[in-house]
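Understanding the architecture of this molecule
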Amino acid sequence: MKRLLARLWRSLRGPVKWRLLYLSQDKFMVGVTGVVRDPDGNVLLLRHRFWAEDRQWGLPTGGAQRGETFEQTVVREVREETGLEVRVGEMVQLRSGFQLRVEVAYAAGYTGGGTMRLNPMEILEARWCAPDDLPKGLLESHRRLIEASHP
């Protein structure tokens, strides 16, 4: 039986094989986070409207879109949520997250471009914080990302 399945699998061609693989695998959402720092080393933190009230503070975060690199996701999410322009640096973390979620985080630097204008649908407040003066209600996982990405 195993030989027959192997022979059948090898006889399949590109698109059919890829479709079968796609259908047989779990699908994942990819959450991308940016640890954005200004030239003084302060971290951009956002108070998110849809997050739990006791832990609304966190880093700019959003879902990757089809065909978008993770670096492009960081740039887009920061721009959408704050109006600011960033330059993406090195990857800080790649891990499996809650249920069917993959989480990716990158260090990023504020370029000085753009004007702070919050997306009122998603973001209640934004502030630049020194790494040793982070607000109460910051997600613990984001606190660890800030520590891990310290220059």
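The numbers attached to residues start from 1 for each chain and follow its sequence in the written order. Thresholds applied to this predicted model are a pLDDT of at least 70 for local features of residues and 80 or more for the giving and counting of side-chain atom pairs; totals over whole chains, interfaces and linings are not thresholded and use all residues. Here the side-chain values reflect all heavy atoms present in the structure, with hydrogen atoms and water set aside.

1. So, the overall build of the protein
Cut-off, in case you're wondering: The helix count covers DSSP runs of H or I at least four residues long, the strand count covers runs of E at least two residues long, and both are numbered beginning at the N terminus. Computation of the radius of gyration draws on C-alpha atoms alone. For the globule rule, the value is 2.2 Å times the number of residues to the power 0.38. In this scheme, a residue with accessible area under 20% of its type's maximum is buried, one over 50% is exposed, and one in between is partly exposed, where area comes from a 1.4 Å probe on protein chains only. Any two residues whose heavy atoms approach within 4.5 Å are treated as being in contact.
Each helix and strand counted, the protein has 4 helices and 7 strands in total. In the protein, the succession of α and β elements from N to C terminus is α-α-β-β-β-β-α-β-β-β-α. The C-alpha atoms of the protein give 19 Å as radius of gyration, which overshoots the globular expectation for 151 residues (15 Å, by more than 25%). Burial status across the protein gives 36% buried among its 151 residues. For the protein, long-range pairs separated by at least 24 residues make up 63% of all intrachain contacts whose partners lie at least 6 apart in sequence.

2. Some remarks on the packing of aromatic side chains
Here a ring pair, both rings aromatic, is described through the centre-centre distance and the interplanar angle of the planes. To be explicit about the condition: Only Phe, Tyr and Trp rings take part, Trp by its six-membered ring, and two of them pair if their centres are within 6.5 Å. Stacked means planes under 30 degrees apart, edge-to-face means over 60, and tilted covers everything else.
For the structure on display, the rule yields 1 aromatic pair. Aromatic pair Tyr110 and Trp128: ring centres 5.6 Å apart, planes at 45 degrees, arrangement tilted. With Tyr110 in strand S6 (residues 101-114) and Trp128 in strand S7 (residues 123-129), this pair connects stretches of sequence that are 18 residues apart.

3. Thoughts on the layout of surface pockets
Using a probe with the size of a water molecule, rolled over the atoms, empty space left in the structure can be pinpointed. Spelled out, the test is: A cavity, in this analysis, means grid points on a 1 Å lattice covering only the protein atoms where a 1.4 Å probe fits yet has no way out; a pocket is instead an open set bounded by protein on both sides within 12 Å along at least five of seven lines, and a residue lines either one if it has an atom within 4 Å of a point. Grid points are joined across faces, edges and corners, and a volume is the space filled by probe spheres set on the points. Residue classes follow a fixed rule: Ala, Val, Leu, Ile, Met, Phe, Trp, Tyr, Cys and Pro count as nonpolar, while Asp, Glu, Lys and Arg count as charged, and any other residue, Gly among them, counts as polar.
Volume-wise, the largest pocket comes out at about 330 Å³. Taken together, the elements giving at least two residues each to the lining of the largest pocket come down to strand S5 (84-96), S6 and helix H4 (140-148). In the lining of the largest pocket, the residues fall into 6 nonpolar, 5 polar and 5 charged. Of the volumes computed, that of the second largest pocket is approximately 160 Å³. Along the walls of the second largest pocket sit Tyr22, Gln25, Asp26, Lys27, Phe28 and Arg66, which together make up its complete lining.

4. So, the pattern of salt bridges
Rules: Take a side-chain nitrogen of Lys or Arg and a carboxyl oxygen of Asp or Glu: if they are within 4 Å of each other, that pair is a salt bridge.
Applying the stated criterion across every chain yields a total of 8 salt bridges. Where Glu68 meets Arg76, a salt bridge forms, and the shortest distance between an N and an O atom there is 2.7 Å. Under the relative-accessibility criterion, Arg76 is labelled buried at 11%. Between Arg127 and Glu125 there is a salt bridge whose closest N-O contact spans 3.1 Å. On the basis of relative accessibility, which here comes to 35%, the residue Arg127 falls in the partly exposed class.

5. Some thoughts on the pairing of strand S1 (residues 29-37)
So the rule is basically this: For two strands to be treated as a pair, DSSP must find at least two bridges joining them.
Judged by how many residues are buried, S1 sits mostly within the fold: 7 of 9 residues are covered. With 9 bridges joining them, S1 and S6 adopt parallel strand pairing. Opposite Val36, over in S6, you have Ala108 as the bridge partner. In this sheet, strand S4 (residues 61-63) lies alongside S1 in antiparallel orientation, the contact comprising 3 bridges. By the bridge assignment for S4, Gly31 is matched with Gly63.

6. Here we look at the environment of Asp26
Along the chain, Asp26 turns up in the loop between helix H2 (14-24) and S1. For Asp26, a relative accessible area of 54% puts it in the exposed group. Linking Asp26 and Met91, residues 65 residues apart in sequence, is a C-alpha distance of 24 Å.

7. Observations concerning the nonpolar core
Formally: In this description, a nonpolar core means a group of buried Ala, Val, Leu, Ile, Met, Phe, Trp, Tyr and Cys residues linked to one another through side-chain atoms lying within 4.5 Å.
Among the nonpolar cores identified, the biggest contains 14 residues, and Val36, Leu44, Val74, Val78, Val86 and Ala108 are the most heavily contacted of them. With 4 residues, the top contributor of residues to this core is S6. Aside from chain neighbours lying at most four places away, what touches Val74 is Val32, Thr33, Gly34, Val86, Val88, Tyr106 and Ala108. Judged by nonpolar contacts, the second largest core, of 11 residues, contains Ala105, Leu134, Leu145 and Ile146.

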